[in-house]
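Overview (structure and organization)
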Amino acid sequence: MSTERDSETTFDEDSQPNDEVVPYSDDETEDELDDQGSTVEPEQNRVNREAEENQEPFRKECTWQVKANDRKYHGQPHFMNTKFFCIKKSKYANNAIKTYKYNALTFIPMNLFEQFKRSANMYFLVLLILQAIPQISTLAWYTTLVPLLLVLGVTAIKDLVDDVARHKMDKEINNRTCEVIKDGRFKVAKWKDIQVGDVIRLKKNDFVPADILLLSSSEPNSLCYVETAELDGETNLKFKMSLEITDQYLQREDTLATFDGLVECEEPNNRLDKFTGILFWRNTSFPLDADKILLRGCVIRNTDFCHGLVIFAGTFRIFVVLSLLSAGLAIGHAYWEAQVGNYSWYLYDGEDFTPSHRGFLNFWGYIIVLNTMVPISLYVSVEVIRLGQSHFINWDLQMYYAEKDTPAKARTTTLNEQLGQIHYIFSDKTGTLTQNIMTFKKCCINGQIYGDHRDASQHNHNKIEQVDFSWNTYADGKLAFYDHYLIEQIQSGKEPEVRQFFFLLAVCHTVMVDRTDGQLNYQAASPDEGALVNAARNFGFAFLARTQNTITISELGTERTYNVLAILDFNSDRKRMSIIVRTPEGNIRLYCKGADTVIYERLHRMNPTKQETQDALDIFANETLRTLCLCYKEIEEKEFAQWNKKFMAASVASTNRDEALDKVYEEIEKDLILLGATAIEDKLQDGVPETISKLAKADIKIWVLTGDKKETAENIGFACELLTEDTTICYGEDINSLLHARMENQRNRGGVYAKFAAPVQEPFFPPGGNRALIITGSWLNEILLEKKTKRSKILKLKFPRTEEERRMRTQSKRRLEAKKEQQQKNFVDLACECSAVICCRVTPKQKAMVVDLVKRYKKAITLAIGDGANDVNMIKTAHIGVGISGQEGMQAVMSSDYSFAQFRYLQRLLLVHGRWSYIRMCKFLRYFFYKNFAFTLVHFWYSFFNGYSAQTAYEDWFITLYNVLYSSLPVLLMGLLDQDVSDKLSLRFPGLYIVGQRDLLFNYKRFFVSLLHGVLTSMILFFIPLGAYLQTVGQDGEAPSDYQSFAVTIASALVITVNFQIGLDTSYWTFVNAFSIFGSIALYFGIMFDFHSAGIHVLFPSIFQFTGTASNALRQPYIWLTIILTVAVCLLPVVAIRFLSMTIWPSESDKIQKHRKRLKAEEQWQRRQQVFRRGVSSRRSAYAFSHQRGYADLISSGRSIRKKRSPLDAIVADGTAEYRRTGDS
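The present account deals with the structure reproduced in this document. Note that the structure is predicted; figures quoted are calculated from it, not measured.

What counts and how
- Residues numbered from 1 in each chain as written.
- Predicted model: local features only at pLDDT ≥ 70, side-chain atom pairs only at ≥ 80, totals over all residues.
- Heavy atoms only, no water.
- Helix = DSSP H or I, 4+ residues; strand = E, 2+ residues; numbered from the N terminus.
- Buried < 20%, exposed > 50% of the residue type's maximum accessible area, 1.4 Å probe, protein only.
- Areas by Shrake-Rupley, 256 points an atom, 1.4 Å probe, with all protein chains shown as cover.
- Core = buried A, V, L, I, M, F, W, Y, C linked by side-chain atoms within 4.5 Å.
- Contact = heavy atoms within 4.5 Å.
- Axes fitted to C-alpha atoms, helices over the stretch in contact; angles between N-to-C directions.
- Parallel < 35°, antiparallel > 145°, perpendicular 65-115°, else oblique.
- Left-handed = near helix turned anticlockwise from the far one by under 90°.
- Salt bridge = Lys/Arg side-chain N within 4 Å of Asp/Glu carboxyl O.
- Expected span 1.5 Å × (residues − 1).
- Phe/Tyr/Trp six-rings, centres within 6.5 Å; stacked < 30°, edge-to-face > 60°.
- Lys NZ or Arg CZ within 6 Å of the ring centre and 35° of its normal.
- Polar contact = N/O pair within 3.5 Å; in protein donor to acceptor, adjacent residues only side chain to side chain.

On to the overall build of the chain, then. The helix and strand tally for the chain stands at 40 helices and 37 strands. Evaluated residue by residue, the chain yields a buried proportion of 52% over its 1225 residues. When the accessible surface of the chain is totalled, it reaches about 58,100 Å², and 55% of it is carbon and sulfur.

Laid out in structure tokens, this is it:
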């Protein structure tokens, strides 16, 4: 049986996923993948390709052209795009951002257009038009117009407030300033006035206003240090470097003003890590890459000024019930007309319509009369409640971060109730769970652990003062350390290994240093390195300066300079770095630091402290600290000379240079002497473990999606208690084998009758046990069949030649898609069986893909939280996006629905505000439907007694004001203020949140219960007064059984019933709630007596026709008795059912409410105790200098060292001579 493959593309199935690397760029093209490896093109493929090119010519070229200092160039006709009919606009956008929707002229027409695009508003507009037709409507037009205007007005005001805020934000950003070359000089210009091709100057701590090509800077060789927190959330500095030619010639204002280079590059895109372009200048072309581009949103750091060329500037079924009721009543009217109406002379209205015609007209009449089942006030009430809940989030002082003056911010008003229904949270790590601040906490030197609370005599104390570093002139005063015994050891020199330990930290790194106002400032490729060098500095071994070949260290106040012979840089495969130095005494030493897993493999077999250090590493790992092992080696002169020749040869290798260097490094990094280990705390944000623990108890599953290394991500998982020592961790290879076995089983079961058999949901894991999944981006692509496809090396047929080939290709693609979909569903099912999932080394696109898979296959509400631009895709893909603000980065916040400064506020957002919002909205909707069914269906019962004539049972003004004044405020306040338990108890008992996840408070069952309650109430409201009015004689001997008195009796009973009913539904009583209930009843009677007075009838006789009805009817005692009886029959059964329910079947919140006084004191959360088991290794190496190589190449080349500028030719010649001298030695 032959296996069919797609003739155009194949999966690269032979390659094993690499856990250490981030997968290909999200936008990497097929051809870029082809270029990564040399292939031999078959002859037939070449012929086919040439034929296709001749048939449809296509040139791959850079289509974005930027001319420096020439704005007219970008206005040429061939750069224009047609926007609308003949209106053309340049494809080069200006730099002003625009997030607002309206201006002063367009607000009213555009806002009305937006509002009437909503089906509900258009529905009520059609009703208003129908009410203007006399033959149809029995209701006055104002009964719909007044509520509609109210809804449109409130919504317009809310939209106006939101848009004014957007205007202010846009204005603030657009009016930022920087210096731009104009008329040959630098002049201050606003960001919005910057255009493509402008040359700009930026200074230290300035934001980059657009994507620019770095031309020159104040640093040597035009280095520029940038902070990319706004893009990726990382606060460690990254360096960019200009072309050598622009660094040499574009330093002065006059040369920058005359710069006329032309840049051809790719069109604007969303790739942050790649850039392809060419600079044409002085009849020469220079290649450009991402290292020469400063992206918008970066911040210039530790660089006095820089110059750049701007490259990119930028920019429900109730209606069916209504129709069925109306149709049924219209048919009833047609039948009644045929049987009774046509033969009753006193009912003749002067129109000779047929019964069917009258029935048709009455259908529309009942559509108007019964439309209050879903009144327009429902929509404005929902908007007001959502707006109020959003403001409660904004005003919550317990979500206010005073340190950065950052309050919580609800940037939307439509998702509050969904906050109470979250099933999955997808979180970034760096800057979200962690502060991205590394702190030196402990160390192990020569088998001895330091870092506990000890005095100088080596005695442990629970309370001891912080170590005073004032004896060290270079100490920065920021290190909090409590082991005074370590200071004693350093100062006494009794153990030389202690001093050697901190010397190694001061010398073995690729950190850059500069001085500002006499203070040392370090720039490190990763925060880990910065923390270690700063620790050495505080303990007396300060890194002071470096040149291309030397490094200067202050050793307890004595400055010593060492010759740097070689730097063996870090990469993700080596997991270590080394430096070889020559001491002033002439000795050669190698110092190395790295992950314990690789260091232990290279130690000399005679290391006496090996076991003690391993025990220390286990202890550090149990405390979730990041560990590194330090070691050294003495090197003989002859040994180094022989090795150096191999090193220099590998350094100039034309192919596979990195592999050759790694092989040479292996030869020297062996037989190492172990000094000890460091323990760094990747400082979590305050309250992260507590928050994750409470969210887990609320049955919310947390997935961490990060670009960090697997070891780092795993370590953070233990630190924040996503993972515990009892957790069984499954890795990519384990998951792959499980999914492969599942696919085989599904394929074996997929016989002829497979489609008739019910799907079998088998669990992947046996029940019980705590499992977690840790998977890298490479394995994710492998498992989800998302690997980038490559062009097949076999014969390619661009177009199928026959119908059979086309059919086979289509079937093959369908099979591949079906396999891919089934594999992805299996992966989601497997991952959701785990208590925690950590995806590491993933790209922004993969983050969004994981979120989308869970949304697609689990139909669950998801939330994504992050702080950088690399989290924007994930935040936008999830149902709810949360941005961490208060950092430098704001792109995640701008794309989010909610924002706050600390991850710990997430528990309050969900467990308090989210749960309350869900409960309030559910109670509001249930009550709203109940009160409107009770109100509207009275018309239905009345129709059986009025010939189905669409005659209303109430006064027109009562219908108009019922949902606006008489019953609106109590339900509105319940939707805003009600709470079943307090915020403290909500946080203490996270299990209360599960009600929202299961949607137990508003579903079809709850809706039909509310509907049935409304139907029964309407029957009681109509038939008890009807029975009372049938045979009644008043005190004066007259029977007030007229239609108007009957309408007043029903309306009065209705208002009292629905307002008392909401009192029964209210869980949290305040003065405002009580006032609104009794106030609404008083308001009803006050307005009714006014509208039924003779005075207002004289002024408006055609509008107010119930003259004297209220005063005449309500002076009769039996009318009041009828009202009281009706209200009692409506409410007493509800009271009885509620009492039995809370007594026999109390809910969890009922139990907590009952004992709330005893539970008032909030329980303090405690960290889970870690159990250290000697002899059982639990080390989790978290070696994390940087994800790429460090600054070693930059240091070795000398490009980072300040020196006097020389002509370009002299620089090249000097570099060649230096290389030759090094080679000769």
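Our next topic: the nonpolar core. Ranked by internal contacts, the top residues of the largest apolar core, which has 69 residues, are F924, L925, Y954, F958, F1022, L1054 and Y1084. When residues of this core are traced back to their parent elements, those giving at least two are helix 11 (377–395), helix 27 (905–943), helix 28 (956–966), helix 29 (968–977), helix 32 (1004–1030), helix 33 (1043–1065), helix 34 (1071–1091) and helix 37 (1117–1144). Residue contributions to this core peak at 18 residues, all from helix 27. Apart from the residues lying within four places of it in its own chain, the contact partners of F958 are F935, Y966, A1051, L1054, V1055 and Y1084. In this structure, I97, L213, L279 and A313 belong to the second largest nonpolar core, which totals 52 residues.

Look at helix 29 against helix 33: their axes get within 9 Å of each other, and the N-to-C directions meet at 15°. Considering their axes alone, helix 29 and helix 33 lie roughly parallel with respect to each other. Of the two possible hands of crossing, helix 29 and helix 33 adopt the one that is left-handed. Across the interface between the two elements, P970, V971 and M974 from helix 29 touch N1059, I1062 and D1065 from helix 33.

Applying the stated rule across the entire model yields 36 salt bridges. Residue E681 pairs with K441 through a salt bridge whose shortest N-O separation is 3.8 Å. One end of the pair, E681, is in strand 29 (residues 673–684); the other, K441, is in strand 19 (residues 434–445), with 240 residues separating them in the sequence. The partly exposed category is assigned to K441, whose relative accessible area is 33%. Among the ionic contacts, a cluster of salt bridges with common partners joins R574, R576, E601, R602, E666 and E669.

A few words on helix 34. Between the first and last C-alpha of helix 34 there are 29 Å, a value that for 21 residues agrees with the 30 Å anticipated at 1.5 Å per step. Those residues of helix 34 lying buried are N1073, S1076, I1077, S1080, I1081, Y1084, F1085, I1087, M1088 and F1091. Buried residues along helix 34 sit in contact with helix 28, helix 29, helix 33, helix 35 (1094–1099), helix 36 (1109–1113) and helix 37.

The final tally for this structure, using the stated rule, is 48 aromatic pairs. Ring centres of F1007 and F1008 lie 5.4 Å apart, and the angle between their planes is 65°; on these two criteria the pair is classed as edge-to-face. Overall, F1008 belongs to the partly exposed group, its relative accessible area being 49%. Feature note: the residues F940, W941, Y942, F944, F945, F1022, F1023, Y1029, Y1043 and F1046 constitute an aromatic cluster, connected by ring pairs. Here the guanidinium or amino end of K67 rests over the ring plane of Y73, the centre of that ring lying 5.5 Å away. Stacked on the ring of W281, the Lys or Arg R282 has its end atom at 4.8 Å from the ring centre.

Next up on the list: unusual backbone geometry. Of note, N446 is a non-glycine position whose phi angle comes to about 55°, a positive value. Its place among the elements puts N446 in the loop between strand 19 and strand 20 (448–450). The phi torsion at D999 lies on the positive side, around 55°, for a residue other than glycine. Locating D999 in the fold gives a position in the loop between helix 31 (994–997) and helix 32.

Our next topic: the side chain of T246. Among the secondary structure elements, T246 is positioned in helix 7 (residues 244–249). Residue classification places T246 among the buried residues on the basis of a relative accessible area of 1%. At 3.0 Å, the side chain of T246 and the backbone oxygen of L243 are in polar contact. Excluding residues within four positions of it along the chain, T246 makes contact with L214, L215, S216, L279 and W281.

Spatial relationships are all this shows, so hold off on functional conclusions.
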